[in-house]
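One-letter residues, chain by chain:
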Amino acid sequence: MRITHHRFVSTVLFLALPSWAWGHNEINLTPNTAVDAAMVVNYRSDSSVEKGRPWYVTGAMMGGEAVPASEDFSVDDLFITVTHVGEDNVYGLIKLASHQGSDAAFEHAWLGYRLVSKERSFLNIEAGRMAGLFSPANLQHSDSRLMSEANLALDVFLGRQYIDNGLRLLWGNDRGLSLGVETWQGEAFPATSGDGGGASDVFFKYQNISRNVSWSVGGWYMQAKAASRSDTRYESGHSHGVVVDDIEAYWFDGDTSLYGVHLDVQWQVSSRLTFGLDTEWLWQKVDGSIRDETRIAKLESEANGGWIEPSISFQRHTVGLRYEQMVLNNEFSGVAGEALAALAHLNNTGHNPTRSTLVYRYQIQPTLALRAELLSDKSLPQREERWLVGLIWEKNLWRLKKE
Amino acid sequence: MLVKALLIIVLAMTVIACNTQSSTSYNDEGVNQSAFSWLVPSGMPLPVEPDDNPMTEAKFQLGRHLFYDERLSGNASQACSSCHKQEHAFADALATPIGSTDEVLTRNSQGLANVAYNATLTWANPSIVTLERQILIPLFAEDPVEHGINDENREIVLQRIVDEPVYQRLFLSAYPEQGGTVSYDNIIKAIAAFVRGLTSFDSPFDQYQRGDRTAMSDSALRGRDLFFSEQMECFHCHGGYNFSDSTLDRTMAFVERPFHNTGLFNIAGIGAFPEENQGLFSITANPTDMGKFRAVTLRNIELTAPYMHDGSVASLDEVIEFYAAGGRIIETGPHAGDGRFNPFKDGFITGFEITDQEKADLIVFLLSLTDGTFVTTERFSDPWISQ
Amino acid sequence: MFVKYRLKLIVLSSLVILLAGCGDGRDNDGDSSNNMTKSLTLGFSAEANQQAVNCDATIAGLGTAGTDVNFQDFRFFIHDVRLVKDSGEEVVLILEQNQWQHDDVALIDFQDKADSCNGAEKPIHNFITADYVDDGSTYTGLKFTVGLPAALNHNNPAEAPSPLNITSLQWNWQAGYKFMRMDVAPIGGITREGAPEFTGTAWNFHLGSTDCSGDPVIGEIVSCGKPNRPTVSLTDFILGESEIVVDYGVLVEASVLAQDVAGAPGCMSGATDPECLEIFSRLGLDIATGEASNSTVQSVFRFR
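Since this is a predicted model, take the numbers as computed values, not measurements. Residue positions are given per chain, counted from 1 along the sequence in the order it is written. Chains carry letters and ligands carry numbers; both start at the beginning, A for chains and 1 for ligands, and go up in the order they are written. Only residues with pLDDT of at least 70 are given local features in this predicted model, and only at 80 or more are side-chain atom pairs given and counted; all residues enter the totals for whole chains, interfaces and linings. To obtain the side-chain values, all non-hydrogen atoms of the structure were used and water was disregarded.

## Observations regarding the overall build of chain A
Within chain A, the regular secondary structure consists of four helices and 16 strands. Throughout, the radius of gyration refers to the C-alpha atoms, and the reference size of a globule is 2.2 Å times the residue count to the power 0.38. Relative to the 2.2 N^0.38 estimate, which gives 22 Å for 403 residues, the radius of gyration of chain A is 21 Å and therefore close to what a compact globule would have. For chain A, the C-alpha atoms occupy an extent of roughly 65 × 45 × 35 Å along the three principal directions. Only protein chains enter the area calculation, which uses a 1.4 Å probe; residues under 20% of their type maximum are buried, those over 50% are exposed, and those in between are partly exposed. Out of the 403 residues belonging to chain A, those deemed buried represent 54%. Partitioning the intrachain contacts of chain A with sequence separation of at least 6 by distance along the chain shows that 66% fall at a separation of at least 24. Residue-level accessible areas treat just the shown protein chains as cover; the underlying method is Shrake-Rupley with a 1.4 Å probe. Total accessible area on chain A is roughly 17400 Å²; 57% of this is exposed by carbon and sulfur atoms. Helix and strand assignments come from DSSP, with helices taken as H or I runs of at least 4 residues and strands as E runs of at least 2, each series counted from the N terminus. Contacts are assigned to residue pairs that have any heavy atoms within 4.5 Å of one another.

Structure below.
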């Protein structure tokens, strides 16, 4: 029983965070090499937009890879991750990924080095193409996340997931506190690379694991600069199946500031029952100008959004509910304000996008799980309901541990 | 620990509960302020109003009287309306019009619907960027003579306007701060105000856009999809709310003045157009500008036949055939040549396949751009008749 | 006591020297009473083959084919007129403001009958009157530019002051003015080789800025690719005596006036019009760029 419950807790936690993130936050880096794979296949009754139509949450500029979940069958995620931790305090990770049937691409490719290794604290430096560590939700995909669809606030504010070329300094101690600072090239929404671009962030996280309760809390601040940023989700040659000819292009120049606080609690009531709560809230400020081929206007935005996600796990069953909400405010100055607001889908006159998701997950085996979801989606002005059935497969294909 | 967790939960829920509504606000620096009531649907940007000729109803009405007045020509036989007739959406039904002294012009008379939104005026001239500048040409041109006002007769012509009692009242209303002075500058500004006010946004296409799902037939809708398709590429030069890429409104900060060669001629195989109608080249003398003309609006196109800068294409059917071929072949005569191979032809004119049904649908769509109100409304009609 | 006396002497003589120096300085201050504002009149005459140009004249033997012509129009604008001192320094002429002269632009008009020489008699204007600041130097040269400056070339012609309100000198299709308008009617008409149906009666020379483009947002002309403003620089100038001759015969000496190869009959400043090439080079202009030529200097204007 005990063994089971420990394994169960680790499984749950394993689900909450990818193994590598978990692993290299420990004081001791254990040399090992591992190859992990995961695949998520879903069937959805509907999609938030018609096939071939673009997805705009009115009131926010979007970009990155925030494309709506597909109707019908879809291989939502497919990836292979190779992690290596060497004996010389060097470690690295490569992840090859395909989302919603796209071509496989190197999503992560980075190296890390433990600069300072003390008995009770460490300092790591990591560089390469990697996901921002500032928010735990930024590391999740539909395999590691309870819900299949990405959090709305992340989709809108960070283009689904912030993955960029950058450098990170991470400090941690054995009491569960970690601090980090990251600086980015800007190859990801909401930044741009090159002149006038780039991004950086700072974050902290405190983790506490005791016998019954494990919880973490954290906060972060990010700033991103953009020059001539366009909505790259729908451009010729990279359009996610959407006909782009009648999409009018616009560009944004300016600064985006984001900050967030997050909390995750897992309370193990008994050996079979665990209550969970995961919540994060993000605030965004935008200051810059927006233009199309012939018009320009000044834009200042303030927005916030996030989710609350309580869950209950009983043995192999998990039931969760996620409530998401966003508030989007935009202020235009200049003669072209109205025209540009309409073009860029920023004319939100009172609709707060919200979404509620109810999920049931059943762990068939340690590597295979079944998921069923019911969504009430009011992120667009029309309320939409859809359901999902899918399978999640995760497996460690190979591990070599040096003792 | 749990207390901390609860506190954060409470914080999150407070944020949610206290969240205000999303909103978008605009500080448009008074862009839509105008002393004139434009008949432009809400959401459609307004045309530019020059600082030195702001729009007023009084100027509009004065300009309307002058527009339809034959006395505003050397021999008192020609008005603006002689070549710009309301029933033809202010074009005429001729390939090229004839001036007041019977000289034949070389260019087709353009329709005046929404001409306030033109980035440049006339068929191919990047320097005529205001109506005030354009109106000087028909009034004073010597080659060919249009209205035929010149140094010798300009005072006589002006005197006719001064002597007309109706104008005394109209000029006083339009230019009160000047005491109603009758001058060419005031005449031109008034005509410009009238023409600027000729807006047309009430076609079946517009009604459909505004929510009337019965306004366009299935055939018209199919034609619309063809028009905006990559197959036909029509929208590249004839796109936007005014169906022309040479469009300007007051919300724009940077404007293109595009001109296009569509392959109508290819004289001697070197891309030449007839000498009297070489388009943009006549202004710039840049060889690659040969045969480039402005893409006109397709609103009311049903009524402005014949088509092209020289009126050499008679019907919409022929126009579509011409674009489908990717250019025009002229077999014999001084203008012989295969326009499809004109070296200066625009890159979007590549020809396309089109079935008879598709052509019929496309024509039905183009007919849906006809604004019946525009061509019959009393507001734009000849005021001298009703008097 | 002797020392005291010595000191007083030194102080006194210093004062005297100072005063003398100051006095000298004041005399040498170059005060403006030596500079005077003076008026002058500069005369122009128009001729072709040593004959005066006017509406009644028939001038024979012009151009390479020796064509006989009647004149229909002969007017041009000049601006930025300057006297040149023998030191090379230039003195700007301030034009008297009247119906022929506005700002620093003057209209020189030899057309003595209206309506292309077919109408009633009208006044001509073959001189300019101006003020200048004279410092007693000798003036040996004269400079001016043909046409209107860019700042005036694109203003609203309908409300322009005289002489910019003359309709026949406006060039509306180029949104500007005709800098020179010299129209002749060759006796026997004009033909075009290989085009028997071509009929033309007027061989017209209209000079102006071309390749102009406007910015629709501000509703104004922003630039002209080819300014076409010939500059004239004449030496051997004698103030009060020299008269400027405009020689049409020189202008068209390499042209065939009874023929037109292509483009408008004559030259309308088209950069690809074959008739413009020789005319432009005689005005010292490079037809391709509209700027001063590297190889020729104007030869149409000279002193008598």
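Here the narrative resumes.
## Observations regarding the state of the cysteines
One way to say it: the disulfide is the covalent bond shared by the sulfur atoms of two cysteines. Disulfide assignment relies on a single distance test, namely cysteine sulfur atoms paired within 2.5 Å. For the coordinates displayed, the defined rule picks out three disulfides over all chains. Between the sulfur atoms of Cys 212 of chain C and its disulfide mate Cys 224 of chain C the distance is 2.1 Å. Where Cys 212 of chain C bonds to Cys 224 of chain C through sulfur, the torsion about that S-S bond is close to 105°, and the disulfide is right-handed. Note that Cys 212 of chain C is positioned in strand E15 (residues 210-215) and Cys 224 of chain C in strand E16 (residues 220-226), a separation of 12 residues in sequence. What makes Cys 212 of chain C buried here is its relative accessible area of 0%. Cys 267 of chain C shares a disulfide with Cys 276 of chain C; S-S distance 2.0 Å. The disulfide joining Cys 267 of chain C to Cys 276 of chain C has a torsion of about 105° about its S-S bond and is therefore right-handed. Each member of the pair Cys 267 of chain C and Cys 276 of chain C is classed as buried. Distance from the sulfur of Cys 80 of chain B, which forms no disulfide, to the nearest cysteine sulfur (Cys 83 of chain B) is 9.0 Å. Free of any disulfide, Cys 234 of chain B has its nearest neighbouring cysteine sulfur in Cys 237 of chain B, separated by 9.4 Å.

## Focus on the nonpolar core
Residues belong to a common nonpolar core when they are buried Ala, Val, Leu, Ile, Met, Phe, Trp, Tyr or Cys residues joined through side-chain atoms within 4.5 Å. If you look at the biggest cluster of nonpolar residues, it comprises 70 residues, and the most contacted ones within it are Phe 76, Tyr 248 and Phe 301 of chain C. When residues of this core are assigned to their parent elements, the largest contribution, eight residues, is made by strand E4 (residues 67-85) of chain C. Excluding residues within four positions of it along the chain, Phe 76 of chain C makes contact with Phe 44, Ala 106, Leu 107, Ile 108, Phe 110, Phe 179, Met 180, Met 182, Val 246 and Phe 301 of chain C. Among the nonpolar cores identified, the runner-up in size contains 57 residues, and Leu 136, Ile 161, Val 195 and Phe 380 of chain B belong to it.

## A word on the pattern of salt bridges
Within this document, salt bridges are pairs made up of a side-chain nitrogen of Lys or Arg and a carboxyl oxygen of Asp or Glu, the two lying within 4 Å of each other. Applying the stated criterion across every chain yields a total of 56 salt bridges over all chains. A salt bridge links Asp 292 of chain A to Arg 295 of chain A; the shortest N-O distance between them is 3.4 Å. Arg 295 of chain A shares its class with Asp 292 of chain A; the two are buried. Ionic pairing is found between Asp 135 of chain C and Lys 85 of chain C, a salt bridge with its closest N-O pair at 2.9 Å. Note that Asp 135 of chain C is positioned in the loop between strand E9 (127-134) and strand E10 (139-146) and Lys 85 of chain C in strand E4, a separation of 50 residues in sequence. Look at Asp 135 of chain C and you get partly exposed, because its relative accessible area is 35%. Members of the salt-bridge network, linked through shared partners, are Arg 44, Asp 76, Glu 149, Arg 322, Glu 324, Arg 355, Asp 377, Glu 384 and Arg 386 of chain A.

## Remarks on the pairing of E15 of chain C
Look at any regular strand and the pattern is simple: side chains alternate between the two faces of the sheet. All names here are of chain C. One bridge is not enough; two strands pair if DSSP finds at least two bridges between them. Where E15 meets E16, five bridges bridge the pair, whose relative direction is antiparallel. When the bridges of E16 are listed, Cys 212 appears paired with Cys 224. Here E15 folds back onto E16, and the loop between the two strands holds four residues, one of which, Gly 219, carries a positive phi near 70°.

## What about the interface of chain C and chain B?
If you look at the interface, chain C gives 37 residues, while chain B gives 32 residues. When two parts are brought into contact, each loses some accessible area as probed by a 1.4 Å sphere; the total of that loss over both is the buried area. Summed over both sides, the interface of chain C with chain B buries roughly 2600 Å², with 51% coming from carbon and sulfur. Taken together, the connections running from chain C to chain B amount to three salt bridges. Here Arg 192 of chain C makes a salt bridge to Glu 275 of chain B, at a shortest N to O gap of 3.3 Å. What qualifies as a polar contact is a pair of N or O atoms within 3.5 Å, subject to a donor-acceptor requirement within protein and to the restriction that residues adjacent in sequence count only when both atoms come from side chains. At the junction of chain C and chain B, the tally comes to 15 residue pairs in polar contact (both at pLDDT 80 or more). Broken down by secondary-structure element, the contributors of at least two residues to the side of chain C that touches chain B are helix H2 (114-117), E15 and E16 of chain C.

## A closer look at the packing of helix H11 (residues 316-325) of chain B against helix H12 (residues 356-367) of chain B
All names here are of chain B. The angle between two axes is taken between their N-to-C directions and runs from 0 to 180 degrees, where each axis is a line fitted to C-alpha atoms and a helix contributes only its stretch in contact. Interhelical geometry of H11 versus H12 gives an angle of 120° and a closest axis separation of 10 Å. Judged by the inter-axis angle, H11 sits oblique to H12. Handedness of the crossing formed by H11 with H12: right-handed. Residue-level inspection shows Leu 316, Asp 317, Ile 320 and Glu 321 of H11 in contact with H12, the latter providing Lys 359, Leu 362, Ile 363, Leu 366 and Leu 367. When residues are grouped by polarity, Ala, Val, Leu, Ile, Met, Phe, Trp, Tyr, Cys and Pro land in nonpolar, Asp, Glu, Lys and Arg in charged, and all others, Gly among them, in polar. A breakdown of the residues in the contact of H11 with H12 according to their chemical character gives six nonpolar, no polar and three charged. Geometric relationships in this document are graded by angle, where less than 35 degrees denotes roughly parallel, more than 145 denotes roughly antiparallel, 65 to 115 denotes roughly perpendicular, and other angles denote oblique. Handedness of each helix crossing follows the sense of rotation of the near helix against the far helix: counterclockwise by less than a right angle gives left-handed, clockwise gives right-handed.

## Section: the arrangement of the chains
Highest in contacts among the two pairs of chains that touch are chains A and B. The two units chain A and chain C never meet; even their closest C-alpha atoms stay 10 Å apart.

## Topic: the packing of helix H8 (residues 218-227) of chain B against H12 of chain B
Residues and elements named next belong to chain B. Close contact between H8 and H12 brings their axes to 7 Å; oriented N to C, the two are set at 95°. What the angle tells us is that H8 and H12 run roughly perpendicular. Of the residues in H12, those touching H8 at Ser 219, Ala 220, Arg 222, Gly 223, Arg 224, Leu 226 and Phe 227 are Gln 357, Glu 358, Ala 360, Asp 361, Leu 362, Val 364, Phe 365 and Leu 366. Classifying every residue of the contact of H8 with H12 gives eight nonpolar, three polar and four charged.

## A closer look at the interface of chain B and chain A
In this assembly, 33 residues from chain B lie in contact with 41 residues from chain A. Counting the surface lost from both chain B and chain A, the interface buries some 3100 Å², and carbon and sulfur atoms represent 59% of this. On inspection of chain B and its partner chain A, the count reaches one salt bridge. Among the ionic pairs, Asp 249 of chain B bridges to Arg 295 of chain A, the shortest N-O distance being 2.6 Å. Scanning the region where chain B abuts chain A turns up 19 residue pairs in polar contact (both at pLDDT 80 or more). Taken together, the elements giving at least two residues each to the side of chain B that touches chain A come down to helix H1 (2-18) and strand E1 (23-27) of chain B. No other element matches the eight residues that H1 of chain B contributes to the side of chain B that touches chain A. A class-by-class count of the residues in the side of chain B that touches chain A yields 17 nonpolar, 10 polar and six charged.

## A short note on empty space enclosed by the protein
All names here are of chain B. Cavities and pockets were defined on a 1 Å grid built from protein atoms only: a cavity is a group of points that admits a 1.4 Å probe but offers it no way out, a pocket is an open group of points flanked by protein on both sides within 12 Å along at least five of seven lines, and a lining residue is one with an atom within 4 Å of any such point. Grid points are joined across faces, edges and corners, and a volume is the space filled by probe spheres set on the points. Across all of its chains, the model carries seven cavities of 30 Å³ or more by this definition. For the largest cavity, the calculated volume is near 820 Å³. In terms of lining, the largest cavity is formed by 49 residues, of which the most central are His 238, Val 296, Leu 298, Met 308 and Tyr 323. Mapped by element, the contributors of at least two residues to the lining of the largest cavity are helix H9 (234-237), H11 and H12.

## With respect to the domain arrangement of chain B
Bring the parts together and some accessible area is lost; that lost area is often taken as the interface size. All names here are of chain B. Taken domain by domain, chain B comprises domain 1 (30-200) and domain 2 (204-367). For domain 1 and domain 2, the distance between their C-alpha centroids amounts to 26 Å. Domain 1 puts 38 residues into the contact, and the matching count from domain 2 is 34 residues. Along the contact surface separating domain 1 from domain 2 lie one salt bridge. Where domain 1 packs against domain 2, one counts 16 residue pairs in polar contact (both at pLDDT 80 or more). How far each domain reaches was decided by an automatic or database domain assignment.

## Quick notes on the packing of aromatic side chains
Classification of ring pairs rests on two measures: the distance between centres of Phe, Tyr or Trp rings, Trp counted by its six-membered ring, which must be within 6.5 Å, and the angle between planes, read as stacked under 30 degrees, edge-to-face over 60 and tilted in between. Counting across every chain of the model gives 49 aromatic pairs over all chains. Their ring planes at 80° and their centres at 5.9 Å tell us that Phe 205 of chain B and Phe 365 of chain B sit as a pair that is edge-to-face. Of this pair, Phe 205 of chain B sits in helix H7 (residues 204-209) while Phe 365 of chain B sits in helix H12; the two residues are 160 residues apart in sequence, bridging distant segments of the chain. Accessibility classification places Phe 205 of chain B together with Phe 365 of chain B in one group, the buried group. Seen from their ring centres, Phe 71 of chain C and Phe 74 of chain C are 5.6 Å apart, and the 70° between their planes marks the pair as edge-to-face.

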